[in-house]
Amino acid sequence: MFRALPAAQRRAARAHLRAGGVLAYATESCFGLGCLPGNARGLLTILRLKGRPNHKGMIVVGRRFVDLRRLVRPVDAAGQARLMARWPGPTTFLLPADRRVLPLLRGRHRTLAVRVSAHRGVAMLTRDLGPLVSTSANFAGKVSLKNAAACRRTFGQEVMVLPGRTGRARRPSAIIDFASGRVLR
């Protein structure tokens, strides 16, 4: 069902991301738009494509928590146990952002939204390409796109659309403030 990207496509996706490009890829509930979390050009492209305000911040997904650690401040052993109780899975946590995280990524917040995905396609993609921004493939406030063809029609040549199937989740991931435990979505 989920296959690793062929080597040529993996190289092309990696080069596209490094140049500030944006990918569309299948996630748990819809297609997502992603770029490298440290690439300002890619972040600006996503904000423009979606018509999304830059104060909101975006989610970063990874295959394992260790892949996301450079983006957030250290979490103690008890905190890591709390995270691992929900990961991999459809839960996004707001953790204190590392001071080097771009404001375009975290928005007006001092936290960064991070998730270790249980979606096999996302796990394989982030294994091959590293952590990725993951925001729904849609115009801000509109219905999320559910397949590669809809992404191609909507975003055209501005986005490299990868093949894949969305998971069975009907709703986006829950977002929980790690410090307070408050569920925000």
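What comes next is a walk through the structure. Computed from a prediction, not measured in an experiment: that's the story for all the values here.

**What about the pattern of salt bridges?**
- Here the structure, examined in full by the defined rule, presents six salt bridges.
- A salt bridge links Glu28 to Arg115; the shortest N-O distance between them is 3.3 Å. One end of the pair, Glu28, is in the loop between strand 1 (22-26) and strand 2 (31-34); the other, Arg115, is in strand 5 (residues 111-116), and 87 residues separate them in sequence.
- Classification of Glu28 by relative accessible area gives buried; the value is 13%.
- For Arg115, a relative accessible area of 4% puts it in the buried group.
- Two residues, Arg127 and Asp128, come together in a salt bridge whose shortest N-O distance is 3.0 Å.
- Residue Arg127 is classed as partly exposed on the basis of its relative accessible area, which comes to 42%.
- It is possible to trace a salt-bridge network through shared partners that takes in Arg10, Arg127 and Asp128.

**So, the sheet that holds strand 6 (residues 132-133)**
- Reading across from one edge, 6-3-5-4-9 is the order of the five strands in this open sheet, with mixed pairing throughout. Edge positions in the sheet fall to strand 6 and strand 9 (174-177), since each of these pairs with one other strand and no more.
- Bridge count between strand 4 (residues 91-96) and strand 5: four bridges; the pairing is antiparallel. The residue bridging Pro96 from the neighbouring strand is Thr111, located in strand 5.

**Here's the deal with the sheet that holds strand 1**
- Read across the sheet, four strands follow the order 7-2-1-8 without closing on themselves; strand pairing throughout is mixed. Of all strands in the sheet, those bounded by a partner on one side alone are strand 7 (135-136) and strand 8 (159-161).
- Bridge count for strand 1 against strand 2 is four bridges, and the pairing is antiparallel. Bridge assignment links Ala26 to a residue of strand 2, and that residue is Phe31.
- Taken strand by strand, helix 7 (residues 148-155) contacts strand 1, strand 2 and strand 8, and its axis lies near 160° from that of strand 8.

**Some details on helix 6 (residues 120-129)**
- With respect to burial, helix 6 is a largely interior element, eight of its 10 residues being buried.
- Next to the buried residues of helix 6 lie helix 1 (7-18), strand 1, strand 3 (59-62) and strand 6.
- Following helix 6 by one or two positions, Gly130 has its phi on the positive side, about 90°.

**Re the nonpolar core**
- Membership of the largest hydrophobic core comes to 39 residues, with the highest contact counts inside it found for Leu95 and Leu112.
- Discounting residues that sit within four places of it in the chain, Leu112 has contacts with Met58, Val60, Leu71, Val72, Phe93, Leu94, Leu95, Ala97, Val101, Leu105 and Arg106.
- Core analysis: the second largest hydrophobic core is formed by 15 residues, Ile59, Val61, Leu94 and Leu162 among them.

**Overview of the environment of Pro90**
- Considering the arrangement of structural elements, one finds Pro90 in the loop between helix 4 (77-84) and strand 4.
- Expressed as a C-alpha distance, the spacing of Pro90 and Gly62, which sit 28 residues apart in the sequence, is 12 Å.
- Apart from residues lying up to four places away in sequence, Pro90 is in contact with Arg115, Ser173 and Ala174.

**Here we look at the packing of aromatic side chains**
- Across all of its chains, the model carries four aromatic pairs by this definition.
- Ring centres of Phe65 and Trp87 lie 5.8 Å apart, and the angle between their planes is 40°; on these two criteria the pair is classed as tilted. Residue Phe65 is located in helix 3 (residues 65-68), and its partner Trp87 is located in the loop between helix 4 and strand 4; the two are separated by 22 residues in the primary sequence.
- Accessibility expressed as a relative area gives 5% for Phe65, which makes it buried.
- The class of Trp87 is buried, set by a relative accessible area of 6%.
- A network of ring pairs unites the aromatic residues Phe65, Trp87, Phe93 and Phe178 as a single cluster.

Criteria and cut-off values
- Residue positions are given per chain, counted from 1 along the sequence in the order it is written.
- In keeping with the model being predicted, local features are shown solely for residues with a pLDDT of at least 70 and side-chain atom pairs are shown and tallied solely at 80 or more, while totals for entire chains, interfaces and linings include all residues.
- With hydrogens and water stripped out, all remaining heavy atoms of the structure feed into the side-chain values.
- Any carboxyl oxygen of Asp or Glu within 4 Å of a side-chain nitrogen of Lys or Arg constitutes a salt bridge here.
- Segments assigned H or I by DSSP are reported as helices when at least four residues long, segments assigned E as strands when at least two residues long, and all are numbered from the N terminus.
- Exposure categories follow from relative accessible area, calculated using a 1.4 Å probe and restricted to protein chains: below 20% of the type maximum is buried, above 50% is exposed, and the middle band is partly exposed.
- In this scheme, strands are said to pair when DSSP sees at least two bridges between them.
- Contact criterion: two residues are considered in contact whenever any of their non-hydrogen atoms come within 4.5 Å of each other.
- Where helices are involved, their axes are fitted lines through C-alpha atoms of the stretch in contact, as for all axes, and angles between N-to-C directions lie from 0 to 180°.
- The nonpolar core is taken to be a set of buried Ala, Val, Leu, Ile, Met, Phe, Trp, Tyr and Cys residues, with the residues joined through side-chain atoms within 4.5 Å.
- Any pair of Phe, Tyr and Trp rings, taking the six-membered ring for Trp, is counted once the centres come within 6.5 Å. Such a pair is stacked with planes under 30 degrees apart, edge-to-face with planes over 60 apart, and tilted for the rest.

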